[in-house]
Amino acid sequence: MSKAFYRHCPGCGRRFHIKLVSKKLAKVDRTSRPKKIVTNLVGGGLAYAASPPVFIVQEGEPTMIDIEEFQYTYKCKHCGHEWTEKRVIRHEED
C-alpha cells in the first residue's frame, strides 16, 4: 500500500512528500439504537396562534451502527520519521 501525498511531518515540521506505509483495522463496534419518528401536530386558524407546538415522538425499527477505528502509519521521505494516526469511521444502516 504505497499511496504518496504531501503533508506536514511531525518530526521535521516540513511539508514534504510522505508515504502511507500501512492501514490496519484496529477495532470494530456494532451497536443499534431505536429510530425516532417525530410528528409535529399543527393546529389551524387564529385560535391556535398562541398555543405551544405539540410533538409526538415514537420509536421505529432499530438502526444498526458500525464504528470502525483504523490505524494509519506514515513515513516522511525527507527525514524518515514514522508516525501513526487513528481515524474513526461511522456507518449507519437505515
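The paragraphs below set out a description of the structure included in this document. (Residues numbered from 1 in each chain as written. Predicted model: local features only at pLDDT ≥ 70, side-chain atom pairs only at ≥ 80, totals over all residues. Heavy atoms only, no water.)

**Topic: the pairing of strand 4 (residues 82–93)**
In this sheet, strand 4 lies alongside strand 3 (residues 54–76) in antiparallel orientation, the contact comprising 12 bridges. Across the sheet, the residue bridging to Tyr72 is Glu85, located in strand 4. Between strand 3 and the antiparallel strand that follows it, strand 4, lie five residues; Gly80 among them carries a positive phi value of about 85 degrees. (Pairing = 2+ DSSP bridges. Helix = DSSP H or I, 4+ residues; strand = E, 2+ residues; numbered from the N terminus.)

**Some thoughts on the pattern of salt bridges**
Side-chain pairing between opposite charges can occur once the charged atoms of the two side chains come close. Taken as a whole and judged by the stated rule, the model has four salt bridges. The closest approach of N and O atoms between Asp66 and Arg30, which form a salt bridge, is 2.6 Å. Of the two residues, Asp66 is situated in strand 3 and Arg30 in strand 2 (residues 15–41); the sequence distance between them amounts to 36 residues. The class of Asp66 is buried, set by a relative accessible area of 15%. (Salt bridge = Lys/Arg side-chain N within 4 Å of Asp/Glu carboxyl O. Buried < 20%, exposed > 50% of the residue type's maximum accessible area, 1.4 Å probe, protein only.)

**Brief notes about the environment of Arg14**
When you line up the elements, Arg14 lands in the loop between strand 1 (3–8) and strand 2. A relative accessible area of 40% places Arg14 in the partly exposed class. Considered as a pair, Arg14 and His78 are 64 residues apart in the sequence and their alpha carbons are 8.4 Å apart. In this structure, Arg14 is in contact with Arg7, His8, Cys9 and His78, ignoring residues within four places of it in sequence. There is a polar contact of 2.8 Å between the side chain of Arg14 and the side chain of His78. (Contact = heavy atoms within 4.5 Å. Polar contact = N/O pair within 3.5 Å; in protein donor to acceptor, adjacent residues only side chain to side chain.)

**A closer look at the nonpolar core**
Formed by Cys9, Ile18, Leu20, Phe70, Tyr72, Tyr74, Cys76 and Trp83, the largest nonpolar core amounts to eight residues. Those elements that place two or more of their residues in this core are strand 2 and strand 3. Of all the elements, strand 3 adds the most residues to this core, at four residues. Dropping the residues within four chain positions of it, Trp83 is found in contact with His8, Cys9, Pro10, Ile18, Tyr72, Thr73, Tyr74, Lys75 and Cys76. (Core = buried A, V, L, I, M, F, W, Y, C linked by side-chain atoms within 4.5 Å.)

**Observations regarding the environment of Lys19**
Topologically, Lys19 is positioned in strand 2. Each C-alpha atom, one on Lys19 and one on Cys76, is 6.5 Å from the other, the two residues being 57 residues apart in sequence.

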